[in-house]
Amino acid sequence: MTTVVCPGSFDPVTLGHLDIFRRAAELFDDVIVCVVANPNKQGTFTISERKALIDEVCADIPGVRVDSFYGLLVDYCREQGATAVIKGLRDSTDYDYELPMAHMNRSIAEIDTVFLPTRSDLSFVSSSLCREVTRLGGDVSHLLPGPVATALKERLG
Ligand code: PNS
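No experiment lies behind these values; they were computed from the predicted model shown. (Residues numbered from 1 in each chain as written. Predicted model: local features only at pLDDT ≥ 70, side-chain atom pairs only at ≥ 80, totals over all residues. Heavy atoms only, no water.)

Topic: the pattern of salt bridges
Following the criterion strictly, the structure yields 13 salt bridges and no others. Asp30 serves as the salt-bridge partner of Arg65, at 2.9 Å between the closest nitrogen and oxygen. Taken together, the residues Arg65 in strand E3 (residues 64-69) and Asp30 in strand E2 (residues 30-36) connect sequence positions 35 residues apart. The class of Arg65 is partly exposed, set by a relative accessible area of 38%. On the basis of relative accessible area, Asp30 is assigned to the buried category, the value being 8%. A salt bridge links Lys51 to Asp55; the nearest nitrogen and oxygen atoms lie 3.2 Å apart. (Salt bridge = Lys/Arg side-chain N within 4 Å of Asp/Glu carboxyl O. Helix = DSSP H or I, 4+ residues; strand = E, 2+ residues; numbered from the N terminus. Buried < 20%, exposed > 50% of the residue type's maximum accessible area, 1.4 Å probe, protein only.)

Brief notes about a nonpolar patch on the surface
There is a patch of nonpolar side chains on the surface, built from Leu72, Met104 and Ile108 and spanning about 280 Å² of accessible area. Topologically, Leu72 is positioned in the loop between E3 and helix H3 (73-80). Judged by relative accessible area, Leu72 falls into the partly exposed class, the value being 45%. (Patch = residues over 30% accessible without salt bridge, like charges linked within 9 Å, V, L, I, M, F, W, Y side chains within 5 Å. Areas by Shrake-Rupley, 256 points an atom, 1.4 Å probe, with all protein chains shown as cover.)

Let's talk about the site of the ligand
Near the ligand the following residues occur: Pro7, Gly8, Ser9, Val36, Gly71, Leu72, Leu73, Lys87, Tyr97, Met101, Met104 and Asn105. Taking Ser9, its side chain carries an N or O atom lying 2.5 Å from an oxygen atom of the ligand. Within the side chain of Tyr97, a nitrogen or oxygen atom sits 3.4 Å from an oxygen atom of the ligand. Burial of the ligand by the surrounding chains reaches 71%, relative to a free accessible area of 550 Å². Counting only elements with at least two residues in the shell around the ligand, the list comes to strand E1 (3-8) and helix H4 (92-109). In terms of residues, the shell around the ligand owes the most to one element, H4, which gives 4 residues. (Near = heavy atom within 4 Å. Polar contact = N/O pair within 3.5 Å; in protein donor to acceptor, adjacent residues only side chain to side chain.)

Re the pairing of E2
Of all 7 residues in E2, 6 are buried, a share of seventy percent or more. Bridge count for E1 against E2 is 6 bridges, and the pairing is parallel. Across the sheet, residue Gly8 finds its bridge partner in E2, namely Val35. At this point the chain moves from E1, through helix H1 (residues 15-27), to the parallel E2, and the crossover so formed is right-handed. Inspection of the sheet shows E2 paired to E3 by 6 bridges, in the parallel sense. Residue pairing for E3: Val35 is matched across the bridge by Ser68. (Pairing = 2+ DSSP bridges. Right-handed = clockwise from strand over helix to strand, strands pointing away.)

Laid out in structure tokens, this is it:
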């Protein structure tokens, strides 16, 4: 059985993330979507709210489970027996941001990173842009899973 971890802030989870989770579940037996807590960031949703939203929208994807974690990602991977980290790549900016982390995780713990290209029609979508547009009165509900769109409008709209 191959266990992999899809880590991220997911504040909140978007359709782009969800597509990566689905595709990871087609490639690997056991996919853990892990909300990684950043103590320096306040966040729009709490870690448990983000996890609950991901639980709800991943309920129909076999082989995906959801968790949260605070600390070093490779420690979490080891605890879970995960052999790789899965990340979506939207563009070269993501690549530049992700590559040093991938090398570091490989260097300190021999945990590899598998990059999946984000679906091209969702490659402009980010949690931060969805929050900004919603806060300013715009509609991004077509870019978010239904329960997430509702929760974001309630929180910021
Ligand atoms: O969704 P994000 O904010 O781009 O996710 C980044 C995240 C949470 C995956 C990354 O910051 C991370 O792995 N944090 C855990 C702490 C850690 O292991 N830091 C060393 C990375 S080499």
